[in-house]
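Each chain is listed here by its residues.
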Amino acid sequence: YQAVDACGNVATCSQTYTRTVDSTPPSITCPANVTLAGCNGVVPAPNIADIVVTDGCGNATVTFVSDVTNTTGCTEVTVRTYQAVDACGNVATCSQTYTRTVDSTPPSINCPANVTLAGCNGVVPAPNIANVTVSDGCGNATVTFVSDVVTTTGCSEVTVRTYQAVDACGN
């Protein structure tokens with residue numbers, strides 16, 4: 001500023017304005033991606049305390065944005081997004097991915113055809129899991145022999161043989 005009196009004397013002074021000029025978003029880092037072990041693992045709740053954020057001009061606020069989940073076959077992928085906003089409104093995001101196996105469908109099992117043994121006192125063969133076919137949309141299934149239940153009525157004997165298939169997720 002400048003002031004001039006009636007005699008032409010001049011005096012000046014300056015005023016300084018300081019402001020923060022920040023157009024750089026904060027730096028944000030999400031935890032590493034996670035593959036959950038086993039079947040039907042639980043994706044943990046969002047936790048902003050797991051997020052690392054820095055900003056060259058001060059502090060930034062971290063918030064959970066969303067979980068987006070897509071399933072292909074038996075694999076479910078959840079992409080979790082967080083964002084950091086600094087005092088000047090600059091925004092940065094990061095994402096963490098959770099991958100898990102989701103399977104609640106039992107395997108398909110087919111037992112051999114029923115057999116009527118010829119003659120008298122025919123011998124019922126031993127259980128054989130190789131005669132059982134099984135399929136599972138999410139991988140392999142294990143076949144086991146469960147039991148033989150024998151019912152006799154008069155001179156007729158019926159043996160009901162049961163096999164079981166269990167997939168990797170316990171279905």
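Since we're looking at a predicted model, the values are computed, not measured.

Peer 1: Any chance you could break down the pairing of strand β6 (residues 60–72) for me, citing the residues and the numbers?
Peer 2: With 12 bridges joining them, β6 and strand β7 (residues 75–86) adopt antiparallel strand pairing. Among the inter-strand pairings, D67 is bridged to a residue of β7, identified as R80. Joining the antiparallel neighbours β6 and β7 is a turn of two residues, in which G73 adopts a positive phi near 60 degrees.

Peer 1: Tell me about the state of the cysteines, residues and numbers included.
Peer 2: Enumeration over the complete set of coordinates arrives at three disulfides. Each disulfide pairs two cysteine sulfurs, and for C30 the partner residue is C94, the sulfurs being separated by 2.0 Å. For the disulfide bridge between C30 and C94, the dihedral angle about the S-S bond is near 75 degrees, and by the sign convention the bridge is right-handed. On the criterion of sequence distance, the pair formed by C30 in the loop between β3 (27–29) and β4 (34–39) and C94 in strand β8 (residues 91–101) is long-range, its members being 64 residues apart. With cysteine numbering restricted to those in disulfides and following the sequence, the protein has the pairing 1-4, 2-6, 3-5. With no disulfide partner, C88 has as its closest neighbouring cysteine sulfur the one in C57, 6.2 Å distant. Judged by relative accessible area, which is 39%, C88 ranks as partly exposed.

Peer 1: Which residues make up unusual backbone geometry, and what values go with them?
Peer 2: Unlike most non-glycine residues, N40 shows phi in positive territory, near 55 degrees. Take N40: it is sitting in the loop between β4 and β5 (52–54). With a relative accessible area of 34%, N40 lands in the partly exposed category. With a phi angle near 55 degrees, N121 is a residue other than glycine that sits in the positive phi range. In this fold, N121 is placed in the loop between β9 (108–110) and β10 (133–135).

Peer 1: Tell me what's going on with the pattern of salt bridges, and back it up with residues and numbers.
Peer 2: Opposite charge on two side chains permits pairing when their charged atoms draw close. Under the defined criterion, the tally for this structure stands at three salt bridges. With a shortest N-O distance of 2.8 Å, D67 and R80 are connected by a salt bridge. Of this pair, D67 sits in strand β6 while R80 sits in strand β7, and the two are 13 residues apart along the sequence. The exposure class assigned to D67 is partly exposed, which follows from its relative accessible area of 34%. In this structure, R161 engages D148 in a salt bridge whose closest nitrogen and oxygen atoms are separated by 2.7 Å. With R161 in strand β12 (residues 156–167) and D148 in strand β11 (residues 141–153), the pair connects residues that are 13 residues apart, well separated along the chain. Exposure remark for D148: the relative accessible area of 32% places this residue in the partly exposed category.

Peer 1: So what about the packing of aromatic side chains? Which residues, and what values?
Peer 2: Within this structure, the stated rule accounts for two aromatic pairs. When the centroid spacing of 6.0 Å and the interplanar angle of 70 degrees are considered together, the rings of F64 and Y82 count as edge-to-face. Taken as a pair, F64 in strand β6 and Y82 in strand β7 lie far apart in primary sequence, 18 residues in all. A relative accessible area of 34% means that F64 is categorised as partly exposed. Judged by its relative accessible area of 2%, Y82 is buried. With centroids separated by 6.1 Å and ring planes inclined at 70 degrees, the aromatic side chains of F145 and Y163 adopt a geometry described as edge-to-face. Of the two residues, F145 is situated in strand β11 and Y163 in strand β12; the sequence distance between them amounts to 18 residues. By relative accessible area, Y163 is classed as buried at 12%.

Parameters and conventions
Residues numbered from 1 in each chain as written. Predicted model: local features only at pLDDT ≥ 70, side-chain atom pairs only at ≥ 80, totals over all residues. Heavy atoms only, no water. Pairing = 2+ DSSP bridges. Helix = DSSP H or I, 4+ residues; strand = E, 2+ residues; numbered from the N terminus. Disulfide = S-S within 2.5 Å. Buried < 20%, exposed > 50% of the residue type's maximum accessible area, 1.4 Å probe, protein only. Salt bridge = Lys/Arg side-chain N within 4 Å of Asp/Glu carboxyl O. Phe/Tyr/Trp six-rings, centres within 6.5 Å; stacked < 30°, edge-to-face > 60°.

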